[in-house]
Structure formats: structure tokens, C-alpha cells
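# Descriptive analysis of the structure
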Amino acid sequence: MEEQNDFYHQIGQILVDEMEKENIEWTKIVFEYEVSENYCSYGGIYTNGKNEEFRLEDLEIPYMIGDVIMGLYEYTKENNFTPYNRAAFTLESNGHFNMDFKWNQALQDEWDNA
């Protein structure tokens, strides 16, 4: 059974692999996503050594990252985490990372009324 940190590692590895594949020197990645039981979307930014920001959407992030997001979402539900529908995974080139989970009621209402 996968643990919480396994999901974090997988997300980070997918993002770093994409940066290496594209030969991008980066200092920080902020990967943001929205998720529910039936929906997942993602995007974000990365910063280079000149402190310039670029959109992650301009890269070809492998679709399997969606499977990891959904796996983490299911894991958090099964383990009684506080409900969330938005998250941000921040990774710095020195290896530091942070995971921030948020609940957005307006977003949930939009999905419920769709």
C-alpha cells in the first residue's frame, strides 16, 4: 500500500523528469491542481535562475500525474484527512517541498451544479 510520502515523491519525480527532459534549469515549481472524485485538472508555474516565471501548461507533463493526484485524493479520503478540492505542491531545486490542501466551497458548488 502506498503511503502519503510516496505520492509526494511521485509528483515531484514526474515534474523533475519533465524539467530534465526539456533541459530546463529551474529553482522552484508550484504545481496546483483541483480534484474531486470525478475530476482532476492541473497547472502551475516554474521559476528559473533569473527569477522568471513560466507556465507548466506549456510543458508536456505526463498524463500519469493525474493518476497520482487521484491516488493521493483517495488515500486522503480513506485516511480521514480534512476534505479538500484544491492543492498546491511546491518544490524547490534544493529538495525542499511543501504540500498545501484547501477547500473552495464556490468551486464545489460549481461542480455540484454542473
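These numbers were taken from a predicted model, which means no experiment stands behind them.

## Some points on the packing of aromatic side chains
Tallied over the full model, the rule gives 10 aromatic pairs. Ring geometry for Tyr73 versus Tyr84: centroids 5.6 Å apart, planes at 75 degrees, classification edge-to-face. One end of the pair, Tyr73, is in helix H2 (residues 64-78); the other, Tyr84, is in the loop between H2 and strand S4 (86-92), with 11 residues separating them in the sequence. Both residues of the pair, Tyr73 and Tyr84, count as buried. The rings of Phe7, Tyr75 and Phe81 are connected pair by pair, giving a single aromatic cluster.

## Notes on the sheet that holds strand S2 (residues 39-48)
On the basis of which strands lie adjacent, the open sheet formed by 5 strands has the order S3-S2-S1-S4-S5 and antiparallel pairing. Bordering the open sheet on either side are strand S3 (53-55) and strand S5 (97-102), each of which pairs with just one other strand. Here the strands of the sheet are splayed against their neighbours by 15 degrees on average, with no regard to which way each runs. Sheet analysis places S2 next to S3, joined by 3 bridges and oriented antiparallel.

## What to know about H2
When the terminal C-alpha atoms of H2 are compared, their 21 Å separation across 15 residues agrees well with the 21 Å that a helix rising 1.5 Å per residue should span. Ile65, Gly66, Val68, Ile69, Leu72, Tyr73, Tyr75 and Thr76 are the residues of H2 that are buried. Buried residues along H2 sit against helix H1 (4-21), strand S1 (26-36), S2 and S5. With its phi angle positive at about 60 degrees, Asn80 sits one or two positions after the end of H2.

What counts as what
- Residues numbered from 1 in each chain as written.
- Predicted model: local features only at pLDDT ≥ 70, side-chain atom pairs only at ≥ 80, totals over all residues.
- Heavy atoms only, no water.
- Phe/Tyr/Trp six-rings, centres within 6.5 Å; stacked < 30°, edge-to-face > 60°.
- Helix = DSSP H or I, 4+ residues; strand = E, 2+ residues; numbered from the N terminus.
- Buried < 20%, exposed > 50% of the residue type's maximum accessible area, 1.4 Å probe, protein only.
- Pairing = 2+ DSSP bridges.
- Axes fitted to C-alpha atoms, helices over the stretch in contact; angles between N-to-C directions.
- Expected span 1.5 Å × (residues − 1).
- Contact = heavy atoms within 4.5 Å.

Such coordinate-based values are descriptive only and should not be taken to indicate function.
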